[in-house]
Amino acid sequence: MQINIVDEKYRLSQSQSICKRLWQSRLVLVSIFAIIGVCHWLSSHWGQPRQIDTHIEWKNTPIKAALVMVAREQDLYAVHATMQDVQDRFNKRSGYPWVILSDQPFSDRFRQIVSATRGMVYFGRIPAEQWNEPAWVDIKMMELAVQDMVKKNVLHGESISWRKMSRYNVGFIADHPLLQDAEYYWKVQPGSRYVCDLDGDPFQYMKANDKKLAYAITMSEDKKAIPTLWSRTLDFLALYNSTTLPPSQSIFPWIVEQGLGNTGNYYEGDYNGNHIWNNFMIISLDFLRSQEYRRFFQYLDSAGGFFYERWGDAPVQTIAAALFLHRDQIHFMQNFGYFYSVATQCPSNHTVIRELRCTCDPDKGFLFHGSSRTKQLLQLQSFTI
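Please read these numbers as outputs of a predicted model, since none were measured by experiment.

Conventions adopted
- Residues numbered from 1 in each chain as written.
- Predicted model: local features only at pLDDT ≥ 70, side-chain atom pairs only at ≥ 80, totals over all residues.
- Heavy atoms only, no water.
- Disulfide = S-S within 2.5 Å.
- Helix = DSSP H or I, 4+ residues; strand = E, 2+ residues; numbered from the N terminus.
- Buried < 20%, exposed > 50% of the residue type's maximum accessible area, 1.4 Å probe, protein only.
- Expected span 1.5 Å × (residues − 1).
- Phe/Tyr/Trp six-rings, centres within 6.5 Å; stacked < 30°, edge-to-face > 60°.
- Pairing = 2+ DSSP bridges.
- Axes fitted to C-alpha atoms, helices over the stretch in contact; angles between N-to-C directions.
- Contact = heavy atoms within 4.5 Å.
- 1 Å grid on protein atoms, 1.4 Å probe; cavity = no way out; pocket = protein on both sides within 12 Å on 5 of 7 lines; lining within 4 Å.
- Points joined across faces, edges and corners; volume = space filled by probe spheres on them.
- Nonpolar A, V, L, I, M, F, W, Y, C, P; charged D, E, K, R; others polar.

Draft legend 1. Expanded view of the state of the cysteines. Within this structure, the stated rule accounts for 2 disulfides. A disulfide bridge connects Cys 346 with Cys 360, and the sulfur atoms are separated by 2.1 Å. Given an S-S torsion of about 75 degrees, the disulfide between Cys 346 and Cys 360 has right-handed geometry. A residue pair is termed long-range when its members are at least 10 positions apart, and Cys 346 in the loop between β12 (343-345) and α13 (350-355) and Cys 360 in the loop between α13 and α14 (374-380) qualify at 14 residues. The same class applies to Cys 346 and to Cys 360, which are both buried. What connects to what in the protein, once the bonded cysteines are numbered by sequence position, is 1-3, 2-4.

Draft legend 2. Summary view of helix α12 (residues 313-324). Between its first and last C-alpha atoms α12 spans 16 Å; for 12 residues at 1.5 Å apiece the expected length is 16 Å, and the two agree. The buried count for α12 comes to 12 of 12 residues, which makes it a mostly enclosed element. Three or more residues of α12 are buried, namely Asp 313, Ala 314, Pro 315, Val 316, Gln 317, Thr 318, Ile 319, Ala 320, Ala 321, Ala 322, Leu 323 and Phe 324.

Draft legend 3. Spotlight on the packing of aromatic side chains. All chains considered together, the criterion is met by 30 aromatic pairs. When the centroid spacing of 6.0 Å and the interplanar angle of 50 degrees are considered together, the rings of Phe 297 and Phe 306 count as tilted. In this structure, Phe 297 and Phe 306 share a single accessibility class: buried. Linked through ring pairs, Phe 90, Tyr 96, Trp 186, Tyr 194, Phe 203, Phe 280, Phe 336 and Tyr 338 together constitute an aromatic cluster.

Draft legend 4. Structural view of the sheet that holds strand β4 (residues 184-188). The strand order β3-β2-β1-β4-β9-β6-β10 describes an open sheet built from 7 strands, whose pairing is mixed. What marks the edges here is a single partner per strand, and that holds for β3 (121-125) and β10 (330-332). On average, adjacent strands in this sheet sit at an angle of 20 degrees to one another, irrespective of strand direction. One ladder, built from 5 bridges, connects β4 with strand β9 (residues 280-284); its direction is antiparallel. Paired with Tyr 185 across the strands is Ile 283, a residue of β9.

Draft legend 5. Here's a closer look at the sheet that holds strand β5 (residues 193-194). With respect to topology, 3 strands assemble into an open sheet ordered β5-β11-β12, the strand pairing being antiparallel. Each edge of the open sheet carries a strand with a single partner, namely β5 and β12. Alignment of strand β11 (residues 338-340) against β12, held across 3 bridges, turns out to be antiparallel. Along β12, the bridge assignment pairs Tyr 340 with Ala 343.

Draft legend 6. Representation of the environment of Ser 372. Looking at where Ser 372 falls in the secondary structure, it is placed in the loop between α13 and α14. Of the residues examined, Ser 372 reaches a relative accessible area of 6% and is grouped as buried. Sequence-distant contacts of Ser 372, that is, excluding residues within four places in its chain, are made with Thr 218, Phe 366 and Leu 367.

Draft legend 7. Looking closely at the layout of surface pockets. Taken as a whole, the largest pocket holds about 840 Å³ of empty space. What lines the largest pocket is a set of 38 residues, among which His 156, Trp 162, Gln 189, Asn 279 and Tyr 340 lie closest to the centre. When contributions to the lining of the largest pocket are tallied by element, the ones reaching two or more residues are β2 (98-102), α6 (160-171), β7 (218-220) and α12. Counting residues per element, the lining of the largest pocket draws most heavily on α6, at 5 residues. Here the residues of the lining of the largest pocket are counted per class, giving 16 nonpolar, 14 polar and 8 charged. By volume, the second largest pocket amounts to about 240 Å³. Taken together, 13 residues make up the lining of the second largest pocket; nearest its centre are Asp 199, Tyr 205, His 331, Met 333 and Gln 334. Split by residue class, the lining of the second largest pocket holds 7 nonpolar, 4 polar and 2 charged.

Laid out in structure tokens, this is it:
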């Protein structure tokens with residue numbers, strides 16, 4: 001039998017071609033399956049919301065209290081540095097939990113860096129309905145207000161996010177699920193520095209002595225930022241003055257013009273802008289959840305001043321403290337070292353500075369600065385420095 005060599009070569013060539021195409025098809029299928037697998041992994045890890053902490057597991061802390069930051073992803077290294085200060089100066093021996101809140105999810109990298117060697121760190125999400133402007137706010141009116149604040153050179157006057165944060169701090173933070181069982185929270189500002197060891201546990205001190213608010217620095221607010229805040233407060237007092245403390249028992253005289261001469265039980269005078277600077281503050285969550293405090297916030301909020309003007313959380317919470325807290329419930333952190341932005345709190349006693357390993361200059365402490373209002377407040381409280 002004679003074999004056609006040409007036909008045989010042709011058939012061999014065709015077979016090789018088919019095999020090659022089949023092999024290529026196999027590679028394509030493998031690639032497709034690999035892509036499907038990667039996409040499935042991405043959708044399950046990145047396409048879904050990251051795990052959000054919803055409750056604190058309290059472990060051996062003498063008081064149910066937390067160190068709380070409101071931050072964003074871009075604040076990573078400011079958060080990291082401040083947390084390290086607080087850990088080194090106080091919390092490594094106390095073990096209070098950290099709560100980091102944001103309206104946006106944090107990346108794994110953010111979580112890993114700020115959680116490293118720091119014990120209990122919880123990451124919470126701020127609900128959109130509490131963070132964003134409410135539906136009844138006129139966006140166009142808000143935009144015009146922002147433009148006006150920029151023209152007047154009001155600090156943070158251009159920032160919508162700053163307005164949202166201030167409103168959230170005043171009205172909603174006490175209701176966050178992570179803080180539902182907490183008695184106090186220490187407001188920690190990203191980028192702030194703690195420059196002395198703490199000479200005790202401020203949470204325990206506050207509870208034992210019925211203190212509701214602790215502070216380090218006071219100053220005066222820019223009136224251009226809050227043109228109608230005081231008139232709205234007076235409207236509230238006209239409706240609800242039976243829920244407030246007499247000025248003779250509160251710090252109200254400290255927040256009004258010529259108020260320190262007021263020894264009666266009547267509310268009068270214009271707001272002088274004095275406020276407790278709450279970039280550092282320790283405050284009772286029971287106070288923030290109280291009926292009178294909530295009513296005051298809701299009344300202010302309904303006017304829209306957090307957005308139509310630039311009402312900050314510091315003056316609003318100071319006014320609330322002046323209306324509802326006894327002056328003895330407000331505590332000055334005298335032996336405390338703290339710096340943020342334009343102001344420093346530093347102990348004035350050199351022995352204290354040495355014992356608490358302070359790195360601040362007492363001669364540059366804000367207590368003795370012309371813009372500080374702390375001496376007048378301490379005088380009202382009969383506190384000697």
